[in-house]
Amino acid sequence: MATPPELTLRPVRPADRKRVVELTQDVWEGRDYLPQVFERWVSDAGSTFQSAEIDGVVVGVQRLRPYAPGLMWYEGLRVASTHRRRGIARAMLDSAIGEAREQGFTEMRLGTASPAAVSLFEQAGFKRLVDIRWWRAPRVEGGEPARIPDPAEAERLWSAVSATPGLDLYHGVAADMTGAHDLDAAELSRLAGLGMLRAAPGGRAIAGLRPAWSDNISVAFVAGKGAALRDLLFALRYEADADGLDHVTIALPRRHPAAVDMNACGYDLVNAEDNAGVYGLKL
Ligand SMILES: CC(C)(COP(=O)(O)OP(=O)(O)OC[C@H]1O[C@@H](n2cnc3c(N)ncnc32)[C@H](O)[C@@H]1OP(=O)(O)O)[C@@H](O)C(=O)NCCC(=O)NCCS
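The rules we used
Sequence positions are assigned chain by chain, starting from 1 and proceeding in written order. Given that the model is predicted, a residue must reach a pLDDT of at least 70 before its local features are reported, and side-chain atom pairs must reach 80 or more before they are shown or counted; all residues, however, enter totals for whole chains, interfaces and linings. Numbering of helices and strands runs from the N terminus, with a helix taken as a DSSP run of H or I at least four residues long and a strand as a DSSP run of E at least two residues long. What the globule rule says is 2.2 Å times the number of residues to the power 0.38, and the radius of gyration is computed from C-alpha atoms. Buried means a residue has 20 or more other C-beta atoms within 10 Å of its own C-beta, exposed means 12 or fewer, and partly exposed covers the counts in between; C-beta atoms are placed from the backbone. The contact criterion used is a C-beta to C-beta distance within 7 Å, with each C-beta placed from the backbone. The C-beta atom of each residue is placed using the backbone, and any residue whose C-beta lies within 6 Å of a molecule or strand is treated as near it. Residue classes follow a fixed rule: Ala, Val, Leu, Ile, Met, Phe, Trp, Tyr, Cys and Pro count as nonpolar, while Asp, Glu, Lys and Arg count as charged, and any other residue, Gly among them, counts as polar. Note: domain ranges come from an automatic or database domain assignment. Every axis corresponds to a line fitted to the C-alpha atoms, with the helix fit spanning only the stretch in contact, and the corresponding angles, defined between N-to-C directions, vary from 0 to 180 degrees. For classification purposes, angles smaller than 35 degrees are called roughly parallel, those larger than 145 roughly antiparallel, those between 65 and 115 roughly perpendicular, and all remaining angles oblique. With the far helix as reference, a near helix turned anticlockwise by less than a right angle produces a left-handed crossing, and one turned clockwise produces a right-handed crossing. The arc refers to the directions leading from the helix axis to the C-beta atoms.

### Digging into the overall build of the protein chain
Then comes step 1: For the protein chain, the helix and strand inventory stands at eight helices and 12 strands.
Then comes step 2: Scaling as 2.2 N^0.38, a compact globule of 283 residues should have a C-alpha radius of gyration of about 19 Å, and the protein chain matches this with 20 Å.
Then comes step 3: The C-alpha extent of the protein chain, read off along each of the three principal axes, is 60 × 35 × 30 Å.
Then comes step 4: When each of the 283 residues of the protein chain is scored for burial, the buried share is 41%.
Then comes step 5: Contacts in the protein chain between residues far apart in sequence, at least 24 positions, make up 73% of those at least 6 positions apart.

Below, the structure written as structure tokens:
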């Protein structure tokens, strides 16, 4: 579809706040996170927060955020409900892809749970990398939290866990809806440096954390199997308790063999069905 001729893209300005809040009001039954992040996004010089205007009125927004070498994260796509199904999102996305390509990025990634957006992204050539199911266990008292390896050790742990069953279902990326990094030895080292990697005794199972959205420990990937993995799954629950957090949430790809261990360690699926996924487009 051609770009709607009257559509103009420009940076979002602080003065757009009221309009942006207005156009997110009916998104996800009023639970859109965009009003909460607006100030941060509008003042972040390292990313591109854009609005689409028709006749001087903002009808859509989107954001492009470089987050790792060669990788661009795409987020915050919204089109006003009064202006949907006119090709506006497609035009905005096409422009964002062009911009990322021009800037020399090699891949654009995003996370979404919206079926309408999935069909838009798939039409643009995005492939689903991780098909996420969310698991949750309440905090539990009485045990030792898992160890945080140092960055050099973390890199070495990769060889112990990289061939464990189910890791391939992450398709080489962490199931992190805030920015899916490549899953490799360097990523373990990066996470360890941030204090966001956990290892079972002996390093035969690991968990990579992501920034949590609520009162919990959020895990973007696990690797390992058997007793080591189960130890780690319990250790995360102990850590939640020690830190005064409510629960642990783990993103595990659909049909991952560790589902059995999750059940055995007190984790349950959060939703009867999930549509969340990480998508990627090679540029
Ligand atoms: C998803 C959203 C951005 C689409 O905006 P839009 O401007 O209406 O989309 P477009 O008109 O450009 O549609 C492009 C394609 O997306 C898909 N699509 C858009 N809305 C759809 C819907 N309600 N149901 C199914 N597919 C849909 C279709 O494949 C469509 O192509 P088609 O019209 O040729 O069939 C908009 O509905 C929205 O803001 N939704 C709420 C927030 C949201 O879910 N954002 C995405 C978060 S990642």
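### A closer look at the site of the ligand
Then comes step 1: Neighbouring residues of the ligand: 18 residues in total, closest Arg84, Ala89, Ser114, Ala116 and Leu120.
Then comes step 2: The set of elements that each furnish at least two residues to the shell around the ligand consists of strand S4 (71-79), helix H3 (88-102) and helix H4 (115-123).
Then comes step 3: Examining the composition of the shell around the ligand, we find that five residues originate from one element, H4, more than from any other.
Then comes step 4: Across the shell around the ligand, the residue classes tally to eight nonpolar, five polar and five charged.

### Re the domain arrangement of the protein chain
You'll often see interface size given as the accessible area lost when the parts meet.
Then comes step 1: Domain boundaries assigned for the protein chain yield domain 1 (7-105) and domain 2 (132-281).
Then comes step 2: Here the C-alpha centroids of domain 1 and domain 2 sit 31 Å apart.

### Focus on helix H6 (residues 185-193)
At 3.6 residues per turn, the α-helix brings residues three or four places apart onto the same side.
Then comes step 1: Buried residues of H6: Glu187, Leu188, Ser189, Leu191 and Ala192, and no others.
Then comes step 2: Where the residues of H6 are buried, they touch helix H5 (151-161), strand S7 (197-199) and strand S8 (205-210).
Then comes step 3: Positive phi appears at Gly195, one or two residues downstream of H6, with a value of about 75 degrees.

### Points about the packing of helix H1 (residues 17-24) against helix H2 (residues 34-42)
Then comes step 1: Their axes nearest at 10 Å, the elements H1 and H2 cross at an angle of 150 degrees. Viewed along their axes, H1 and H2 adopt a mutual orientation that is roughly antiparallel. Here H1 and H2 pass one another in a crossing that is right-handed. Listed contacts from H2 to Arg17, Val20, Val21 and Thr24 of H1 are Leu34, Pro35 and Phe38.
Then comes step 2: In terms of residue class, the contact of H1 with H2 is made up of five nonpolar, one polar and one charged.

### Section: H5
Then comes step 1: Considered for burial, the residues of H5 that qualify are Ala154, Leu157 and Val161. What you see down the axis of H5 is that its buried residues fit within an arc of 55 degrees, all on one side. The outward face of H5, more than 90 degrees from its buried face, is lined by the exposed residues Ala152 and Ser159.
Then comes step 2: Where the residues of H5 are buried, they touch H6, S7, S8 and strand S9 (216-224).

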